[in-house]
Amino acid sequence: NAGVTQTPKFQVLKTGQSMTLQCAQDMNHEYMSWYRQDPGMGLRLIHYSVGAGITDQGEVPNGYNVSRSTTEDFPLRLLSAAPSQTSVYFCASRPGGGGEKLFFGSGTQLSVL
Amino acid sequence: SQKIEQNSEALNIQEGKTATLTCNYTNYSPAYLQWYRQDPGRGPVFLLLIRENEKEKRKERLKVTFDTTLKQSLFHITASQPADSATYLCALEGYGNKLVFGAGTILRVKS
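If you're wondering where the values come from, they're calculated on a predicted model, not measured in any experiment.

Peer 1: Quick question: what am I supposed to make of the interface of chain B and chain A here?
Peer 2: It is common to give the size of an interface as the accessible area that goes away when the parts come together. Taken together, the contact between chain B and chain A spans 21 residues of the former and 23 residues of the latter. Summed over both partners, the interface of chain B with chain A buries about 1,500 Å², with 55% contributed by carbon and sulfur atoms. At the junction of chain B and chain A, the tally comes to one salt bridge. Here chain B and chain A share seven residue pairs in polar contact (both at pLDDT 80 or more) between them. Of all the secondary structure elements, the ones that give two or more residues to the side of chain B that touches chain A are strand E4 (32–38), strand E5 (45–51), strand E9 (86–93) and strand E10 (99–101) of chain B. When residues of the side of chain B that touches chain A are assigned to their parent elements, the largest contribution, four residues, is made by E4 of chain B.

And the structure:
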């Protein structure tokens, strides 16, 4: 099993550009989530999904869109990138509800100039 | 607002000693508390989970305690090794499917 796969690993954008960060998992997990990690601020939850067709907002959802059309995939879209979105982004999944551990991808380092 | 605090300063200890990391929280009533390890350039990796009705959990050289009265969790690594050097994150979860992380504490174990 590959686990949680994120692409790309690195990306540089110009302000105003759009892009999609890809996340796929092959563990048949119902729950998937996106976090961003900034120095000194830890991991902050952007959006999460408890199953195909269901998404909800986390702590810092503004500027990001998500959708969940399949169990395996949970892409994160930046519609108009801003320098404040420069960060490391992690996708994570777990089998179902609360009290279970998260499996993380290896991250995408995004720079917005 | 909810707040999770971990020591922002790195913890430096000698090999063989016990490392103790602290996670304090306010304005929160977590049902679960988890600890993760993160190495540079990698995603966090799960270590231990403890429930609100549990006082202590152990796994090999790792031990976590959870005091809901003090609103604090302690994470211990006994007989520490240089390979234990990493950033350690605590994460809290209520009953709403949101896992909230602290900023992490860097542990450096010197031989």
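Peer 1: Got a minute to help me understand the layout of surface pockets in this structure?
Peer 2: In this approach the atoms are scanned with a rolling probe the size of a water molecule, which exposes any empty space left behind. The calculated volume of the largest pocket comes to roughly 850 Å³. Lining the largest pocket are 37 residues, with Gln37, Asp38 and Gly42 of chain A together with Gln38 and Ala103 of chain B positioned closest to its centre. Here the element with the most residues in the lining of the largest pocket is strand E1 (residues 3–6) of chain B; it accounts for four residues. Classifying every residue of the lining of the largest pocket by side-chain character gives 13 nonpolar, 16 polar and eight charged. By volume, the second largest pocket is sized at about 210 Å³. In this structure, the second largest pocket is lined by Lys101, Leu102, Phe103, Phe104, Gly105 and Ser106 of chain A together with Arg42, Gly43, Pro44, Val45 and Phe46 of chain B. Of all the elements in the fold, those that place two or more residues in the lining of the second largest pocket are strand E10 (103–104) of chain A together with E5 of chain B. Here the lining of the second largest pocket is composed, by residue class, of six nonpolar, three polar and two charged.

The rules behind these values
Residue positions are counted from 1 within each chain, in the order its sequence is given. The lettering of chains begins at A and the numbering of ligands begins at 1, in the order of writing. pLDDT decides what is reported in this predicted model: residues at 70 or higher carry local features, side-chain atom pairs at 80 or more are listed and counted, and totals for whole chains, interfaces and linings draw on all residues regardless. Excluded from the side-chain calculation are hydrogens and water; included are all heavy atoms of the structure. Residue contacts follow a heavy-atom distance rule, with two residues in contact if any of their heavy atoms lie within 4.5 Å. Throughout, buried area stands for the accessible area (probe radius 1.4 Å) lost by two parts on being put together, summed over both. A carboxyl oxygen of Asp or Glu within 4 Å of a side-chain nitrogen of Lys or Arg is what we treat as a salt bridge. We call two N or O atoms a polar contact when they sit within 3.5 Å, provided that within protein one can donate a hydrogen and the other can accept it, with sequence-adjacent residues counted only if both atoms are side-chain atoms. The way it works is that DSSP assigns letters per residue, a run of H or I at least four long becomes a helix, a run of E at least two long becomes a strand, and they are numbered from the N terminus. Of the grid points, spaced at 1 Å and generated over the protein atoms alone, those admitting a 1.4 Å probe that cannot get out make up cavities, while open sets with protein on both sides within 12 Å along at least five of seven lines make up pockets; any residue with an atom within 4 Å of a point is treated as lining. Grid points are joined across faces, edges and corners, and a volume is the space filled by probe spheres set on the points. The nonpolar class holds Ala, Val, Leu, Ile, Met, Phe, Trp, Tyr, Cys and Pro. Asp, Glu, Lys and Arg form the charged class, and all remaining residues, Gly among them, are polar.

Geometry only, nothing functional implied.
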